[in-house]
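Descriptive analysis of the structure
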Amino acid sequence: MKKLNIAIDGLTASGKSTIGKILAEKFGYQFIDTGVFYRYLGYNFHQKTPITKLINTLNDLKNNNKLLQELNTIIELNNQDYLYSGEQASELSKNEKLCKAINMTIFIHVIISTLKRKAEYTTEIPHKKVATINEIEYLLNLNTWQLSQEFEKKAFLIAFPQNDERLKFLEMMLEWRKACVTVAQETKKKMTKNKSNPLFFTLKTWLKNVLKKSKNIARINIQNIEEFIEKNESSSVEEDKEE
């Protein structure tokens, strides 16, 4: 039977955590107390701390695998400090941006935990390698463009198993990416610099938010391809030595 996500809401000290722990133990669910996140931030930071700093703190703890360790410090507080953390948490919980960040952190944690359990209990099939826990956590911590780069590198190995073919293709790709930067630069030169032009200010925003980002992406791609070429050239040298 497919399990449902159960959310328990209620007033402070109404027994939400107690009921949640009982249900989790009875039905084999994972219990997550979202209030601990707010309590941790409220206890460790001043009320006027920018929300972006609080979110960055959560992300840093998550990326360094210290999130649960830090949250446990709240559970171990004495009654007076725990009450203070609750008062601070009630204010923080009203911020929509912070709520979304905490919910996303919990969501990622649940996914990792679920995948860990599946990886531990999955029988490895001879023709299909099951990802290790470290591999799963590594992929989940990548953003969109980093994941795309990871796929591209592996795709190169599949599409071009021979190293010399791979190098030849990468060199062509490098020339193409450099040409993209050149085109972006030439496009910028052609744009009007006359403030009386009705499109000047719209164009200025476009140059900053669109063209500049496109050019930067092309430059990042150039750097990645150059690094990949260097690694493949090193592999070719090592293969020649072995022969």
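Residues numbered from 1 in each chain as written. Predicted model: local features only at pLDDT ≥ 70, side-chain atom pairs only at ≥ 80, totals over all residues. Heavy atoms only, no water.

In the annotation of an unreviewed UniProt entry, the protein chain is listed under the name (d)CMP kinase and assigned to Gigaspora margarita.

Comments concerning the confidence of the model for the protein chain
Chain-level pLDDT for the protein chain is 76 on average; 83% of the residues reach the 70-or-more range. Helix α6 (residues 96-121) is the least confidently modelled element of the protein chain, averaging 67 in pLDDT, while helix α9 (residues 163-190) averages 84, the highest of any element. Of the regions scoring below 50 in pLDDT, residues 121-127 engages in 3 contacts with residues more than four places distant in sequence or in other chains. (pLDDT = per-residue confidence, 0-100. Helix = DSSP H or I, 4+ residues; strand = E, 2+ residues; numbered from the N terminus. Contact = heavy atoms within 4.5 Å.)

Topic: the packing of helix α2 (residues 34-44) against helix α4 (residues 67-75)
One can describe the packing of α2 onto α4 by two numbers: an axis separation of 9 Å at closest approach and a directional angle of 75°. Taken together, the axis directions place α2 and α4 in an arrangement best described as roughly perpendicular. Contacts between α2 and α4 involve V36, F37, R39, Y40, Y43 and N44 on the former and, on the latter, L67, E70, L71, T73 and I74. When its residues are assigned to classes, the contact of α2 with α4 shows 7 nonpolar, 2 polar and 2 charged. (Axes fitted to C-alpha atoms, helices over the stretch in contact; angles between N-to-C directions. Parallel < 35°, antiparallel > 145°, perpendicular 65-115°, else oblique. Nonpolar A, V, L, I, M, F, W, Y, C, P; charged D, E, K, R; others polar.)

Examining the packing of α2 against helix α5 (residues 79-92)
Where α2 meets α5, the axes come as close as 7 Å, and the angle between the chain directions of the two elements is 105°. Put simply, α2 runs roughly perpendicular to α5. For the pair α2 and α5, contact is made by Y38, R39, L41, G42 and Y43 and by D81, Y82, Y84, S85, G86, Q88, A89 and L92, respectively. Residues that form the contact of α2 with α5 fall into these classes: 7 nonpolar, 4 polar and 2 charged.

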